[in-house]
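Residues per chain are reported as follows:
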Amino acid sequence: MRSTIFLSIAAAAGLCFSSASAQEKTLTIYTYESFIAEWGPGPKVKEAFEKTCGCVLNMVGIADGVALLTRLKLEGESTGADIVLGLDTNLISEAKVTGLFETHGIDTSAVNVPGGYTDDTFIPYDYGHFAVVYDTQAIKNPPKSLKELVEGDPSQKIAIEDPRTATPGLGLLLWMKSVYGDQAPEAWTKLKNRILTVTPGWSEAYGLFTKGEVPMVLSYATSPAYHLIEENTDRYQAAAFSEGHYIQIEVAALLRTASDKDLARQFLSFMISPAFQDIIPTTNWMMPAAKTSQPLPEAFGKLVQPQKTFLMGSDEVAKNRRAWIDEWLAAMSMN
Amino acid sequence: MLTGVERRRGIAFGMASLLGIVLFIGLALGALLSWDAGTSGERLFTAYTWRILRFTLWQATLSTVLSVGLAIPVALALARRPNFLGRIWIIRLMAVPMGLPVLIGALGLIGIWGRQGMLNGLLLKLGLDQPVSIYGLSGILLAHVFFNLPLAARLMLAALERLPAEYWFLSSSLGMKSLSIFRFIEWSAIRGVIPGIAGLIFMLCATSFTLVLVLGGGPAATTLEVAIYQALRFDFEPPRAIALSFLQIGVTALILIAISLFPAPEDSSADVGRAVRRFDGKTPTARLWDCLAILLATAFLILPLASIILSGLKADLWNLVTSPIFLRAALTSLTIAFTAGLLAVTAALAIITARNAIADMKLPGAPAKSLSTLLGGMSSLVLLVPPVVLGTGWFLLLQPFGDVARFAPALVAAINMLMALPFVVRVLAPAMQLHHKRTGRLTASLGISGWAKLWRIDRPALTKPLLVGLSFAMALSLGDLGAVALFGSADLTTLPWLVYSRLSSYRTNDADGLALILGVICLILTMIGTAGYRKANDRG
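Just so we're clear, the structure is a prediction, and the values are computed from it rather than from any experiment.

## Looking at the overall build of chain A
From N to C terminus, chain A includes 14 helices and 12 strands. Its C-alpha atoms give chain A a radius of gyration of 21 Å, near enough to 20 Å, the size a compact globule of 335 residues would have. With the C-alpha coordinates aligned to their principal axes, the bounding extent of chain A is approximately 65 × 45 × 45 Å. Counting across all 335 residues of chain A, residues that qualify as buried make up 60%. Accessible area of chain A: about 13,000 Å², with a carbon and sulfur share of 51%. Chain A carries 28 positive and 39 negative side-chain charges, and their two centres are separated by 3 Å.

Below is the structure:
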């Protein structure tokens, strides 16, 4: 037992060192893990905001968007967070039920996302369309529509994520529902023959894809930009689907229990200003939700620009998610 | 033969660690249960629940039978061939899969067995037009055998190596044929450890999550652990998660009880610990058979590892190893693993000592007997409590005391210790029982006790199994991503977490490199665990 106590003390000591200047105002933001990674937006956002605010920005990374909401539910009113950044639109209805959030009350006219999403509490900071990303070395004629994906050659496989455990999986479920409506179960039964496997998260599916095990994967329309810019290769491309693409919008909001709400609102305004938005595309690999000061890098111009955007209201998603997942399970488990 | 004091002390140690474990799990469950999640109104046990329960048990049963069954010839061959070229390295490599994050293991397997893997490459060259697919039950079984066959083989090998040297002298002078040797000597040694090994592997496979989803090919392959994770992490319905956990624990416990009802072999008689020499297996057929068993098992183990190494070497290893974040993560991981390992070994020692003390009683009463059963059961069943349940429960408990991230390292170490406990008990128990049998009467009649006994009698004999147990536990803890994710881990960056964070932001190359490094660390750990291996075999 002594060593565990020692560990706790060591960890506590570590915390003390990391928050050195206790005199300054501190703003605590809960976000998902990859946001604060050394290559993620976090370090640059911190630097840019701290230049203007005379405060310390403390970012806490928690797995993913879903875990973020769970963490808030666990902490309730005693949460240490002033702002939560990284929920997506599907989670908003559930997040509002907790009663932990406060309307932002700032001018969000700068925000410009496809489908024109607005909300009095949650402010978008970036977005990405879901898309099937394919390996050009393995697939010469990629599907041009969701219909072609569903009905195409079953020997050309795709890896998808599980809607029970991953947000992209839920995204595809809603995408299929938006396009096929009540016919979705039949469509899933057909698509099932092309699905190599259903992974618990995005990382596993994308890992199978980049290892060459599967020629298609459910990812984002922005994924090819990473390979173009960081790896200098145009081998991986997103397929444009004629029906349109489902969108994932990432949002941030102010907590009712925030200690310094003026500072928090200052951050939310900063978040939709060019200084923040400039950082997003090449660190978070998503599209900016407001104006950037410079045009986006060339690679982003080559990306698929969906003609039509699907987005279901989060109340509708919250109400039907269980039933739709059951429907999906039934269709996918049939032999 | 123990003195009354020793016996009482042994039982007290056992009860203390039992109490610790029960409290640790019970408090977490209690916190989750008392958390008001609002009305969910969902029926808990639907047709869906029963279907995944059936699948969970079915795949776990098949995986266990295959892993244990295939491990028998491998263990027999390795025991018969103490001079097989590179034998010690084969045994060491057998510990590596345990320390790998499962996703990395899965990707390694796919590199060999996948659609674009080595095997399908060969088959396509031979004229097959469609790749053979492993996704589905076959993929799950393949992966479970990959992770568990080495474990089973190592534990069986240890049992075979504990056989007294006299047996081999006798069998040779009696002119026993290999079949008789198997029937009368080897099988009775292996039979004694099979229920324990099978139970352990069954639990590991029943609670498998990532492997089942990635290689299962679709939601038809879903285990209870997936549903528990979904209930807690995605839907956040603690009551549902707990109900499912109890279902998982209850059903698996029934199966473990059934396994333990198999007749235990009668105790082997004590020996003097002479050097073991084998006189059997000198015929060409026996040689061929053993070589085949060892080579096939080694290839099965090494090829996926080689594929991990090959992808790992493509990464900029030097840059990775020298980056501050890696050094911090390595230090954190090793500290947690060492703490968890020490705790697991200590708890296992206490539990085994108590059980030996009870077994040593002339007429153990019913309470003593049930305590012994409880200790045995508890030290296995902890494996069935999902880490996500423990993590969330303790999060709720600790939250009133300030920033939970501060407690996270201790908590992760404690959870890892629980995970490792059943393994350490399997490693230590047979060695300690044998040691007790060999030396118990003698030390008692000589009146050696206390520190003198610990230092002069116990230390020389038990150092090796203790090190093996410690390295087992540390390897397990190193590869575990487990409960870290929930806590907000700026202060708790572990190596597997680093691997996953690379994977989740397109950086597959870095992840491959880190996985390779993690594998090497595990190998070094087992080298420490098997240090003095040869010496121990040559004891005179």
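Right, picking up where we left off after that structure.
## So, the overall build of chain B
Within chain B one finds 22 helices and 0 strands. Taking 540 residues into account, the globule formula puts the C-alpha radius of gyration at 24 Å, and chain B, at 24 Å, falls close to it. Its C-alpha atoms give chain B principal-axis dimensions of roughly 65 × 65 × 50 Å. In chain B, which comprises 540 residues, the share counted as buried stands at 58%. Pairs at least 24 residues apart make up 85% of the contacts formed inside chain B by residues separated by at least 6 positions. As displayed, chain B has an accessible area near 22,800 Å², and 69% of this comes from carbon and sulfur atoms.

## Concerning the nonpolar core
With 282 residues, the main nonpolar core has A:Leu87, A:Phe101, A:Trp188, A:Phe267, A:Met271, A:Phe276 and B:Met156 as its most contacted residues. In contact with A:Phe101, other than residues within four places in its own chain, are A:Leu72, A:Val84, A:Leu87, A:Ala95, A:Thr121, A:Phe122, A:Ala253, A:Leu254, A:Leu255 and A:Arg256. Listed in part, the 5 residues of the second largest apolar core include B:Ile336, B:Ala408, B:Ala413 and B:Leu492.

## A few points about helix α2 (residues 47–80) of chain B
For α2(B), with 34 residues, the first-to-last C-alpha span of 50 Å sits near the 50 Å given by 1.5 Å per residue. Along its length, α2(B) reaches its greatest deviation from straightness, about 30°, at B:Ile72, and the proline B:Pro73 lies no more than four positions downstream.

## Some words on the pattern of salt bridges
All names here are of chain B. All told, the structure shown has 23 salt bridges over all chains when counted by the stated rule. Arg87 is the partner of Glu161 in a salt bridge, and the nearest nitrogen-oxygen pair spans 2.9 Å. Within this pair, whereas Glu161 is found in helix α7 (residues 137–161), its partner Arg87 is found in helix α3 (residues 87–93), the two being separated by 74 residues in sequence. What makes Arg87 buried here is its relative accessible area of 6%.

## Focus: a nonpolar patch on the surface
Residues and elements named next belong to chain B. A cluster of nonpolar residues, Met118, Leu119, Leu122 and Leu303, forms a patch on the protein surface that exposes about 310 Å² of accessible area. When residues in the nonpolar patch are grouped by element, the largest group, 3 residues, is from helix α6 (residues 118–125). Relative to the assigned elements, Leu122 resides in helix α6. The class of Leu122 is partly exposed, set by a relative accessible area of 47%.

## Focus: the interface of chain A and chain B
Taken together, the contact pairs 62 residues of chain A with 63 residues of chain B. Summing both partners gives a buried area of about 5,600 Å² for chain A against chain B, and 61% of it is carried by carbon and sulfur. Its largest share of buried area at the contact with chain B, chain A owes to A:Trp39, A:Leu74 and A:Arg164, together 14% of the area lost on that side. At the boundary of chain A and chain B, one finds 6 salt bridges. Taken together, the connections running from chain A to chain B amount to 20 residue pairs in polar contact (both at pLDDT 80 or more). Mapped onto the side of chain A that touches chain B, the elements with two or more residues apiece are α1 (2–18), β2 (55–61), α3 (65–75), β7 (195–199), α8 (202–210), α9 (223–230) and α14 (314–333) of chain A. For the side of chain A that touches chain B, the per-class residue count stands at 27 nonpolar, 19 polar and 16 charged.

## Structural notes on the pairing of strand β6 (residues 158–161) of chain A
All names here are of chain A. Burial of the side chains of β6 extends over both faces: Ile158 and Ile160 are buried on one face and Ala159 and Glu161 on the other. Taken together, the 4 bridges between β6 and β7 define a ladder with parallel strand orientation. Opposite Ile158, over in β7, you have Ile195 as the bridge partner. Looking at chain direction, β6 and strand β8 (residues 216–220) are connected through 2 bridges and run parallel. What sits directly across from Ala159, in β8, is Val217.

## Topic: the packing of α3(A) against helix α17 (residues 387–398) of chain B
Put simply, α3(A) and α17(B) touch, their axes get as near as 10 Å, and they point 40° apart. One element, α3(A), and the other, α17(B), form an angle in the oblique class. As for how α3(A) packs across α17(B), the hand of that crossing is right-handed. Taking contact as the criterion, the partners of A:Arg71, A:Leu74 and A:Glu75 in α3(A) are, on α17(B), B:Thr392, B:Phe395 and B:Leu396. Split into classes, the residues belonging to the contact of α3(A) with α17(B) amount to 3 nonpolar, 1 polar and 2 charged.

## Some remarks on the pairing of strand β1 (residues 25–31) of chain A
Residues and elements named next belong to chain A. Within β1, 5 of the 7 residues are buried, which leaves it mostly tucked inside the rest of the structure. Pairing of β1 with β2 involves 7 bridges; the strand directions are parallel. Note that in β2 the partner of Thr26 across the bridge is Val56. Remark: the β1/helix α2 (residues 42–53)/β2 crossover connection has right-handed handedness.

## Quick look at the environment of A:Glu250
All names here are of chain A. The residue Glu250 is located in strand β10 (residues 245–255) in this model. Along the chain, Glu250 and Gly86 lie 164 residues apart, while their C-alpha atoms are 5.6 Å from each other. At 3.0 Å, the side chain of Glu250 forms a polar contact with the side chain of Tyr32.

## Let's talk about the state of the cysteines
Residues and elements named next belong to chain B. As enumerated under the stated definition, the model contains 1 disulfide over all chains in all. For the unlinked cysteine Cys205, the closest cysteine sulfur is that of Cys522, found at 19 Å. On the accessibility criterion, Cys522 (0% relative accessible area) is buried.

## Overview of the packing of aromatic side chains
Two aromatic rings, taken as a pair, are described by how far apart their centres are and by the angle between their planes. Scanning all chains against the criterion turns up 26 aromatic pairs over all chains. Centre to centre, the rings of A:Trp202 and A:Tyr206 are 4.6 Å apart; their planes meet at 15°, and the pair counts as stacked. Within this pair, A:Trp202 and its partner A:Tyr206 are both found in helix α8, separated by 4 residues, close to a single helical turn. Look at A:Trp202 and you get buried, because its relative accessible area is 12%. Residue classification places A:Tyr206 among the buried positions, given a relative accessible area of 2%. Aromatic ring contacts, followed pair by pair, group A:Trp202, A:Tyr206, A:Phe209, A:Tyr226, A:Tyr236, A:Trp285, A:Phe300 and B:Tyr506 into a single cluster.

## Here we look at the confidence of the model for chain B
All names here are of chain B. Looking at chain B as a whole, the pLDDT averages 84, with 92% of positions reaching at least 70. By mean pLDDT, helix α22 (residues 533–537) is the weakest element of chain B at 46, and α2 is the strongest at 94. For the stretch residues 534–540, pLDDT sits under 50, and the model shows 10 contacts to residues farther than four places along the chain or on other chains. For this predicted complex, the interface score ipTM comes out at 0.84, while the overall pTM is 0.87.

Thresholds applied
- Residues numbered from 1 in each chain as written.
- Chains lettered and ligands numbered in written order.
- Predicted model: local features only at pLDDT ≥ 70, side-chain atom pairs only at ≥ 80, totals over all residues.
- Heavy atoms only, no water.
- Helix = DSSP H or I, 4+ residues; strand = E, 2+ residues; numbered from the N terminus.
- Rg over C-alpha atoms; globule rule 2.2 N^0.38 Å.
- Buried < 20%, exposed > 50% of the residue type's maximum accessible area, 1.4 Å probe, protein only.
- Areas by Shrake-Rupley, 256 points an atom, 1.4 Å probe, with all protein chains shown as cover.
- Lys, Arg positive; Asp, Glu negative; His and termini not counted.
- Charge placed at Lys NZ, Arg CZ, Asp CG, Glu CD.
- Contact = heavy atoms within 4.5 Å.
- Core = buried A, V, L, I, M, F, W, Y, C linked by side-chain atoms within 4.5 Å.
- Expected span 1.5 Å × (residues − 1).
- Bend = angle between axes of the 7 residues up to and from the residue.
- Salt bridge = Lys/Arg side-chain N within 4 Å of Asp/Glu carboxyl O.
- Patch = residues over 30% accessible without salt bridge, like charges linked within 9 Å, V, L, I, M, F, W, Y side chains within 5 Å.
- Buried area = accessible area lost by both parts, 1.4 Å probe.
- Polar contact = N/O pair within 3.5 Å; in protein donor to acceptor, adjacent residues only side chain to side chain.
- Nonpolar A, V, L, I, M, F, W, Y, C, P; charged D, E, K, R; others polar.
- Pairing = 2+ DSSP bridges.
- Axes fitted to C-alpha atoms, helices over the stretch in contact; angles between N-to-C directions.
- Parallel < 35°, antiparallel > 145°, perpendicular 65-115°, else oblique.
- Left-handed = near helix turned anticlockwise from the far one by under 90°.
- Right-handed = clockwise from strand over helix to strand, strands pointing away.
- Disulfide = S-S within 2.5 Å.
- Phe/Tyr/Trp six-rings, centres within 6.5 Å; stacked < 30°, edge-to-face > 60°.
- pLDDT = per-residue confidence, 0-100.

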